[in-house]
Amino acid sequence: MANIKSAKKRVLVSQTKADRNKAIRSKVKTCIKKVETAVEAGDKNAANEALSVAISEINKAASKGVYHKNNAARKVSRLTQAVNKIA
């Protein structure tokens, strides 16, 4: 553990930010899984609803700096393609 006051604060702040980022990443992954499950089941309506929620969460994560904007765009693109392939 750090001895200097500012170093102690940095440890606390970085832990708080890491926890926040972890929670956001987890939420995004859950939303992505819901879309993929609906796509595998072939349920177009459920997939579209889950897709809109997932896109919203991914964009929020990107705006907060948890994901790079290109990474977020790639995730959105792949999910959208998967949903559009449902017959």
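Look a little higher up for the structure.
Residue numbers restart at each chain and count upward from 1, following the sequence in its written direction. Per-residue local features of the predicted model are confined to residues with pLDDT of at least 70, and side-chain atom pairs are confined, for both listing and counting, to 80 or more; whole-chain, interface and lining totals are unaffected and use all residues. Computation of side-chain values covers all heavy atoms of the structure but excludes hydrogens and water.

Asks: I'm lost on a positive patch on the surface in this one. Help?
Replies: Candidate patch residues must exceed 30% relative accessible area and have no salt bridge, after which like charges are joined if within 9 Å and Val, Leu, Ile, Met, Phe, Trp or Tyr side chains if within 5 Å. To measure how exposed things are, a 1.4 Å probe is used in the Shrake-Rupley method; for residues, cover is taken only from the protein chains shown. Only one rule defines a salt bridge in this text: a Lys or Arg side-chain nitrogen within 4 Å of an Asp or Glu carboxyl oxygen. For the charge count, each Lys or Arg is scored as positive and each Asp or Glu as negative, with His and the chain ends excluded. In plain terms, the charge of a residue is placed at NZ if it is Lys, CZ if Arg, CG if Asp and CD if Glu. On the surface, Lys5, Lys9, Arg10, Lys17, Arg20 and Lys64 cluster together into a patch of positive charge. Structurally, Arg10 is set in helix α1 (residues 5–41). Three exposure classes are used, based on accessible area relative to the maximum for each residue type with a 1.4 Å probe and protein chains only: buried under 20%, partly exposed in between, and exposed over 50%. Of the residues examined, Arg10 reaches a relative accessible area of 51% and is grouped as exposed. The helix count covers DSSP runs of H or I at least four residues long, the strand count covers runs of E at least two residues long, and both are numbered beginning at the N terminus.

Asks: What exactly am I supposed to notice about the environment of Ala72 here?
Replies: Considering the arrangement of structural elements, one finds Ala72 in helix α3 (residues 69–84). On the basis of relative accessibility, which here comes to 2%, the residue Ala72 falls in the buried class. Each C-alpha atom, one on Ala72 and one on Ser14, is 23 Å from the other, the two residues being 58 residues apart in sequence. Here a residue-residue contact requires only that any non-hydrogen atoms of the pair lie within 4.5 Å. Non-local contacts of Ala72, meaning those with residues more than four positions away in its chain, are made with Ile58 and Ala62.

Asks: Sorry if this is basic, but what is going on with the packing of α1 against α3 here?
Replies: Relative placement of two packed helices is described by the angle separating their axes and the distance separating the axes. Across the interface, α1 lies against α3 with an axial gap of 10 Å and an inter-helix angle of 20°. When the axes of α1 and α3 are compared, the pair comes out roughly parallel. Crossing of α1 over α3 shows left-handed handedness. Within the contact between the two elements, α1 uses Ile32, Val35, Glu36 and Val39 and α3 uses Lys75, Leu79, Ala82 and Val83. For this scheme, ten residues count as nonpolar: Ala, Val, Leu, Ile, Met, Phe, Trp, Tyr, Cys and Pro. Four count as charged, namely Asp, Glu, Lys and Arg, and the remainder, Gly too, count as polar. Looking at the contact of α1 with α3 residue by residue, the class counts come to six nonpolar, no polar and two charged. To define axes, lines are fitted to C-alpha atoms, for helices over the stretch in contact only, and angles between the resulting N-to-C directions are given on a 0 to 180 degree scale. Angles below 35 degrees are treated as roughly parallel, those above 145 as roughly antiparallel, those between 65 and 115 as roughly perpendicular, and all remaining angles as oblique. By definition, any crossing whose near helix is turned counterclockwise from its far helix by less than a right angle is left-handed, and any crossing with a clockwise turn is right-handed.

Asks: Please explain the packing of α1 against helix α2 (residues 44–63) as it appears in this structure.
Replies: Close contact between α1 and α2 brings their axes to 9 Å; oriented N to C, the two are set at 160°. Considering the angle they form, α1 stands roughly antiparallel to α2. Seen along the crossing, α1 lies across α2 with a hand that is left-handed. Contacts between α1 and α2 involve Ile24, Lys27, Val28, Cys31, Ile32, Lys34, Val35, Ala38 and Val39 on the former and, on the latter, Ala46, Ala47, Ala50, Leu51, Val53, Ala54, Glu57, Ile58 and Ala61.

Asks: What am I meant to see in the nonpolar core here?
Replies: The tendency in soluble globular proteins is for nonpolar side chains to be buried side by side. Counting residues in each nonpolar core, the largest one holds 19 residues, and the members touching the most others are Val28, Val35, Ile58, Ala61 and Leu79. The set of elements that each furnish at least two residues to this core consists of α1, α2 and α3. In contact with Val28, other than residues within four places in its own chain, are Glu57, Ile58, Ala61 and Tyr67. Only buried Ala, Val, Leu, Ile, Met, Phe, Trp, Tyr and Cys residues count toward a nonpolar core, and they belong to the same one when joined by side-chain atoms within 4.5 Å.

Asks: Explain α1 to me, please; I cannot follow it from the model alone.
Replies: Since the α-helix packs 3.6 residues into each turn, any two residues three or four apart lie on the same face. Helix length check: α1, at 37 residues, gives a terminal C-alpha distance of 54 Å against a target of 54 Å (1.5 Å per residue), a fit within 8%. Three or more residues of α1 are buried, namely Ile24, Val28, Cys31, Ile32, Val35 and Ala38. The elements touched by buried residues of α1 are α2 and α3. Two residues or fewer after α1 comes Gly42, characterised by a positive phi angle close to 80°. Take the number of residues in a helix, subtract one, and multiply by 1.5 Å to get its expected span.

By themselves, these figures tell us nothing about what the structure is for.
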